[in-house]
Amino acid sequence: VLPIVTRGPAENVEALLYLRGVDAAIINSDSLEEFKNLVPNIRQKITYILNLFPSELHVFVRPEIRSLDDLAGKKVNFNTPGTSAAYSGPLIFERLKIDVEKTFIPHQLALEQLKSGEMAAVVFVTSKPVDAFARGRWEPGFKFIPIEYDSRFEDNYLPSTLTSSDYPQLISRDAQVNTIAVPTILAAFNWPKNSDRYRRVARF
């Protein structure tokens, strides 16, 4: 196996479609979104192999933010370009129809701005628990905003929860925060069944 490092989930799809010699790629379930218009038959070109792990959506906000609607027009950070948060986060907010002032700076810097009041929220898309929340020191009122799973997310996402076992300092015992998760999957180019490349992927 020859591993190839890319700049994120969308570039992995691009490599799988167009880069000669690439048979399989690790992609997010919503990575096909931006290719739908460019490659209308994309779901026939790529096939599913294995579900690897879910990456939970964490929307962490300042005390004065009470709901997702309160974030409209405010600064929300989605981490640096190429990351799962920078890709999936804006897609999810678009589905929620919440227009925010998007920033794409390192999360560590954004968390400091969150504490100072320069930033209203930070969005992480990664497997729980996240050290920044589990081990960080947060004043009362900082919290995760719930995201309810409904028909808007059925195509690419899964329902999930954040609980006190994940974040004991931020979520009270026996409570939970509903959210959604972005599945990370191993996909392959859909080679013809009688081809050598198909046999190699099948063996893998």
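Residues numbered from 1 in each chain as written. Predicted model: local features only at pLDDT ≥ 70, side-chain atom pairs only at ≥ 80, totals over all residues. Heavy atoms only, no water.

**Thoughts on the overall build of the chain**
And then number 1: Helix and strand counts for the chain stand at six helices and eight strands.
And then number 2: Listing each helix as α and each strand as β along the chain from the N terminus yields α-β-α-β-β-α-β-α-β-α-β-β-β-α.
And then number 3: Structurally, the chain occupies a C-alpha span of about 60 × 35 × 30 Å along its principal axes.
And then number 4: Burial statistics for the chain: of 204 residues in total, 47% are counted as buried.
And then number 5: A separation of at least 24 residues holds for 72% of the contacts in the chain among residues at least 6 apart in sequence.
And then number 6: As presented, the chain carries roughly 11500 Å² of accessible surface, and 51% of it is formed by carbon and sulfur atoms.
And then number 7: In the chain, the 24 positive side-chain charges and the 24 negative ones have mean positions that sit 6 Å from each other. (Helix = DSSP H or I, 4+ residues; strand = E, 2+ residues; numbered from the N terminus. Buried < 20%, exposed > 50% of the residue type's maximum accessible area, 1.4 Å probe, protein only. Contact = heavy atoms within 4.5 Å. Areas by Shrake-Rupley, 256 points an atom, 1.4 Å probe, with all protein chains shown as cover. Lys, Arg positive; Asp, Glu negative; His and termini not counted. Charge placed at Lys NZ, Arg CZ, Asp CG, Glu CD.)

**Some points on the pairing of strand 5 (residues 121-126)**
And then number 1: A large share of strand 5 lies buried, amounting to five of its six residues.
And then number 2: Sheet topology note: the strand 2 (residues 46-61)/strand 5 ladder contains six bridges and is antiparallel. Note that in strand 5 the partner of Phe-60 across the bridge is Val-122.
And then number 3: In this structure, strand 3 (residues 75-77) lies alongside strand 5, joined through two bridges in parallel fashion. (Pairing = 2+ DSSP bridges.)

**With respect to unusual backbone geometry**
And then number 1: For the peptide bond that leads from Lys-128 to Pro-129, omega is -5 degrees, which places it in the cis range.
And then number 2: Considering the arrangement of structural elements, one finds Pro-129 in the loop between strand 5 and helix 5 (131-134).
And then number 3: The phi dihedral of Asn-79 is positive, around 65 degrees, even though this residue is not glycine.
And then number 4: Here Asn-79 lies in the loop between strand 3 and helix 3 (84-96).
And then number 5: Here Asn-79 falls in the buried class, since its relative accessible area comes to 16%.
And then number 6: Positive phi values are uncommon outside glycine, yet Asp-174 reaches one of about 70 degrees.
And then number 7: With respect to the secondary-structure elements, Asp-174 resides in the loop between strand 7 (158-163) and strand 8 (176-189).

**Description of a nonpolar patch on the surface**
And then number 1: A cluster of nonpolar residues, Ile-26, Ile-49, Leu-50, Leu-52 and Phe-53, forms a patch on the protein surface that exposes about 410 Å² of accessible area.
And then number 2: For the nonpolar patch, the leading source of residues is strand 2, giving four residues. (Patch = residues over 30% accessible without salt bridge, like charges linked within 9 Å, V, L, I, M, F, W, Y side chains within 5 Å. Salt bridge = Lys/Arg side-chain N within 4 Å of Asp/Glu carboxyl O.)

**Some thoughts on the nonpolar core**
And then number 1: If you look at the biggest cluster of nonpolar residues, it comprises 27 residues, and the most contacted ones within it are Val-59 and Leu-71.
And then number 2: Of all the elements in the fold, those that place two or more residues in this core are strand 2, helix 3, strand 5 and strand 8.
And then number 3: Counting residues per element, this core draws most heavily on helix 3, which supplies six residues.
And then number 4: Residue contacts for Val-59: discarding those within four places in its chain leaves Leu-68, Leu-71, Phe-93, Val-122, Val-123, Lys-143, Phe-144, Ile-145 and Ile-147.
And then number 5: With 18 residues, the next largest nonpolar core counts Trp-138, Phe-144, Leu-170 and Val-177 among its residues. (Core = buried A, V, L, I, M, F, W, Y, C linked by side-chain atoms within 4.5 Å.)

**Examining helix 4 (residues 107-116)**
And then number 1: Regarding helix 4, the residues found buried are His-107, Ala-110, Leu-111, Gln-113 and Leu-114. Around the axis of helix 4, the buried residues are gathered within 160 degrees of arc, so they sit on the same side.
And then number 2: Contacts made by the buried residues of helix 4 are with strand 2, strand 3, helix 3, strand 5 and helix 5.
And then number 3: Gly-117 occupies a position one or two residues after helix 4 and carries a positive phi of about 100 degrees. (Arc of directions from axis to C-beta.)

**Topic: the environment of Val-182**
And then number 1: Of note, Val-182 is situated in strand 8.
And then number 2: Along the chain, Val-182 and Ser-29 lie 153 residues apart, while their C-alpha atoms are 6.3 Å from each other.
And then number 3: With residues near it in sequence (within four places) discarded, Val-182 still touches Asn-28, Ser-29, Asp-30, Phe-53, Pro-54, Ser-55, Ser-88, Ile-92, Val-125 and Tyr-157.

Functional significance is not addressed by these values, which are geometric in nature.
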